[in-house]
Amino acid sequence: KSGVSYVSWQIFWREDGKARSTSRRSEDAATVLADEIAVRLAKGEIKQRILTGLELADYEKASLLCTDTGASLIEAARFYAVEWQKQKILEIKGPDLVAEFLAAKKQDGLSQRYRDDARLRLKKFCKAFPDHISGIRSRDLDDFLRGLTVSIRSRDNVHKILKSLFSYARARGYLPASERTAAEILARTKFKPPVIGILQPDEFGRTLRAASPKTLPAFVLGGFCGIRQAEICRLDWSAIDFNRNLITVNACIAKTSRRRLVPLHAAAAAWLAPIAKTTGPVIEYSSPINLSQMMRTAWQEAQANRSQNCLRHSGASYRLAVTGNAPETALELGTSVQMLMQHYRELVTKDEAQAWFSIFPQSQDEQQEIETYVTP
């Protein structure tokens, strides 16, 4: 290299992935140093790293990400190593996780119905994912859910229980604590809610008269009192106070796990009194599914234009028309005012509501006929 007052020779090489350079005043000195560096490079005494095409692309992407955060690649790697040590993932297989999850829910006091439903919905999950859950991705769960031969609503219910399962796994250290689970990443399925209508008073009256003593309480408590079918299946006769005209839905059987008092209307009491017992289950069917199947005969005989959940919906709508008080009605139903107005209300008149709550057994003979069906 020529200058105004001196001449120097430059030597360039790479060391530790960085460009290095130095200079010497004479060509001989520069040549000697260059030879020494070449020998050291050949022997591997100088650290160097030659990246392949894919490695170079990854390096450039990583560098850009670090540039955005202001950190170097080394700092990022150290941070990742520290965080990874904090999050040592424990291994567990799908079936073992489900068993542990259900056992925990039992210890937490969740109802038998919830645990049975969860066990049923997770049965196919255990078969589909018998290995460690840490390798399950959102795409895997999406394929699994789409492969179920069930309705969209049922698929969404399975997704809900999977979210609970994976959240439990994260809390137990089976999944990274700082990351969303595969079930949370997966978007919920959008579906149209079922159309829920209400019964007309004449339809309800025909249905009550067509019901057997085994299913009559379900129609009465659902249609007059708005009690959920699952709660009716767990209700005991001792919770029905005919003297105070109140029904106590205890927290242990309520869907919301909150105790509430429900008015026992005069019509409801008239239908229930002939078959009432001091204690014992109001309904002998512990499963709402089994109960619904047994109620079909009455629905068909009455030729009622029924829809899903129409008893509770009807009871809520007619009760709201009588009270004119949404908070009071919502409290009786064990729901919020928002849910009441959104799902359990139809605009009916007070005259229609009066007709609804005036459906009594037609005659004393009819009450005696009901009594003949009661098992002593």
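Scroll up for the structure.
This write-up is about the structure you can find in this document. Given the structure is predicted, the values throughout are model-derived calculations rather than measurements.

### Quick look at unusual backbone geometry
One non-glycine residue, Ser257, lies in the positive phi region at around 60°. Assessed through its relative accessible area of 53%, Ser257 is described here as exposed. Even without being a glycine, Asn309 presents a positive backbone phi close to 65°. Tracing the sequence through the fold places Asn309 in the loop between helix H13 (288-302) and helix H14 (310-323).

### So, the nonpolar core
In this structure, Leu208, Leu221, Phe224 and Ile247 are the most contacted members of the largest nonpolar core, which totals 49 residues. Elements that contribute at least two residues to this core include exactly helix H9 (201-210), helix H10 (216-223), helix H11 (229-233), strand E4 (246-249), helix H12 (266-272), H13, H14 and helix H17 (350-356). With sequence-adjacent residues up to four places away left out, Leu208 is seen in contact with Leu216, Phe219, Val220, Phe224, Trp271 and Ile359. Of all hydrophobic cores here, the second largest spans 29 residues; its members include Phe125, Ile133, Val158 and Leu162.

### Quick look at helix H6 (residues 138-146)
Leu141, Phe144 and Leu145 are the residues of H6 that are buried. One side of H6 holds all its buried residues, which, seen down the axis, span an arc of 95°. Opposite its buried face, H6 presents the exposed residues Arg139 and Arg146, each directed more than 90 degrees away. Contacts made by the buried residues of H6 are with helix H5 (112-128), helix H7 (152-171) and helix H8 (182-185).

### Description of the sheet that holds strand E3 (residues 240-241)
With antiparallel pairing, the 3 strands of this open sheet are ordered in space as E3-E4-E5. Edge positions in the sheet fall to E3 and strand E5 (260-263), since each has one partner strand and no second. Pairing analysis gives 4 bridges linking E4 to E5, with the strands arranged antiparallel. Pairing of Ile247 across the sheet is with Val262, part of E5.

### Re empty space enclosed by the protein
With a probe scaled to a water molecule rolled over the atoms, the places where space remains empty come into view. In total, this model carries 1 cavity of 30 Å³ or more according to the counting rule given. Estimated volume of the largest cavity: approximately 40 Å³. Looking at the largest cavity, the residues that line it are Phe224, Cys225, Gly226, Val262, His265, Gly315, Ala316, Arg319, Glu332 and Leu333. At the level of secondary structure, the elements contributing two or more residues to the lining of the largest cavity comprise H14 and helix H15 (326-333). Residue contributions to the lining of the largest cavity peak at 3 residues, all from H14. Of the residues contributing to the lining of the largest cavity, the split by class is 5 nonpolar, 3 polar and 2 charged.

Cut-offs and rules
Residues numbered from 1 in each chain as written. Predicted model: local features only at pLDDT ≥ 70, side-chain atom pairs only at ≥ 80, totals over all residues. Heavy atoms only, no water. Buried < 20%, exposed > 50% of the residue type's maximum accessible area, 1.4 Å probe, protein only. Helix = DSSP H or I, 4+ residues; strand = E, 2+ residues; numbered from the N terminus. Core = buried A, V, L, I, M, F, W, Y, C linked by side-chain atoms within 4.5 Å. Contact = heavy atoms within 4.5 Å. Arc of directions from axis to C-beta. Pairing = 2+ DSSP bridges. 1 Å grid on protein atoms, 1.4 Å probe; cavity = no way out; pocket = protein on both sides within 12 Å on 5 of 7 lines; lining within 4 Å. Points joined across faces, edges and corners; volume = space filled by probe spheres on them. Nonpolar A, V, L, I, M, F, W, Y, C, P; charged D, E, K, R; others polar.

Purely spatial values, then, with no claim about function.
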